[in-house]
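Summary of the model geometry
Given next are the chains, with one letter for each unit.
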Amino acid sequence: MAQIPTTATERCPAPPPGSRGIDEILAAARARLRRLDPEQAHLACRAGALLVDIRPAAQRAAQGTVPGALVVERNVLEWRFDPRCAARLPQAVDYDVPVIVLCQEGYTSSLAAAALQDIGLHEATDVVGGFAAWHIAGLPTLGPTPPTRPSSAAPPVTAGGALR
């Protein structure tokens, strides 16, 4: 009977030369950022920085949102903030825009903020601990939003119209 691997290293094939693991990539991204704790991020937003929530819609619905945060899902972030791109947001006016990226726990946001720096937004950073830390710090949040259910107060509607 074959022995089952017990560690990640045992299960992982030899990486290709020159490749980096996600832990190395994350550390390199964070080394470039001046990351903000939730309170610092909140103060920066009050002073004019853009808080950008990159979490998927389902995560925002389940966990809640930050009032005033600009929602830009991760898959389109660079296109929306590159001042050279025709698909940019009106807020992406130049390379000095202070952008603070927020994800659920502060991992994806670090990678995303580093990607924004790669396109020239040198003020881009993220929130240490993400939305979870923001919420725990007692900073303003809305939600979560429960799934929409039909109200029992309204009569049911049939194909022929409302019941009479």
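Summarised in this report is the structure supplied together with it.

What counts as what
Throughout, a residue's number is its position along its own chain's written sequence, starting from 1. For a predicted model such as this one, the threshold for reporting local features is a pLDDT of at least 70, and the threshold for listing and counting side-chain atom pairs is 80 or more; totals across whole chains, interfaces and linings nevertheless cover every residue. Side-chain numbers come from the whole structure's heavy atoms, not from hydrogens or water. Paired strands are those between which DSSP finds at least two bridges. Counting from the N terminus, the helices are DSSP H or I runs at least four residues long and the strands are E runs at least two residues long. Any two residues whose heavy atoms approach within 4.5 Å are treated as being in contact. Lines fitted to C-alpha atoms define the axes here, with helix axes fitted over just the stretch in contact, and angles between the N-to-C directions of these axes take values from 0 to 180 degrees. To qualify as a nonpolar core, a set must consist of buried Ala, Val, Leu, Ile, Met, Phe, Trp, Tyr and Cys residues joined through side-chain atoms within 4.5 Å. Exposure classes here rest on a 1.4 Å probe applied to the protein chains alone. A residue is buried below 20% of its type maximum, exposed above 50%, and partly exposed in between.

Let's talk about the sheet that holds strand β3 (residues 99-102)
- What the four strands build is an open sheet, ordered β2-β1-β3-β4; its pairing is parallel. Looking at which strands have only one partner, the edges of the open sheet turn out to be β2 (70-71) and β4 (125-126).
- As judged from the two bridges shared by β3 and β4, these two strands associate in the parallel manner. Each bridged residue has a counterpart across the sheet, and for Ile100 the counterpart in β4 is Thr125.
- Docked against the sheet, helix α6 (residues 108-118) engages β3 and β4, running at close to 150° with respect to β3.

Brief notes about the nonpolar core
- Val52, Leu77, Phe81, Val99 and Leu116 are the most contacted members of the largest nonpolar core, which totals 19 residues.
- Of all elements in the fold, only β1 (50-53), α5 (77-81), β3 and α6 reach the threshold of two or more residues within this core.
- Among the elements that make up this core, the one with the highest residue count is α6 (three residues).
- Once residues within four sequence positions are removed from consideration, Val52 is found in contact with Leu70, Val72, Leu77, Phe81, Val99, Ile100, Val101 and Leu102.
- Ala41, Leu51, Ala69 and Phe131 belong to the second-largest nonpolar core, a separate cluster that totals 12 residues.

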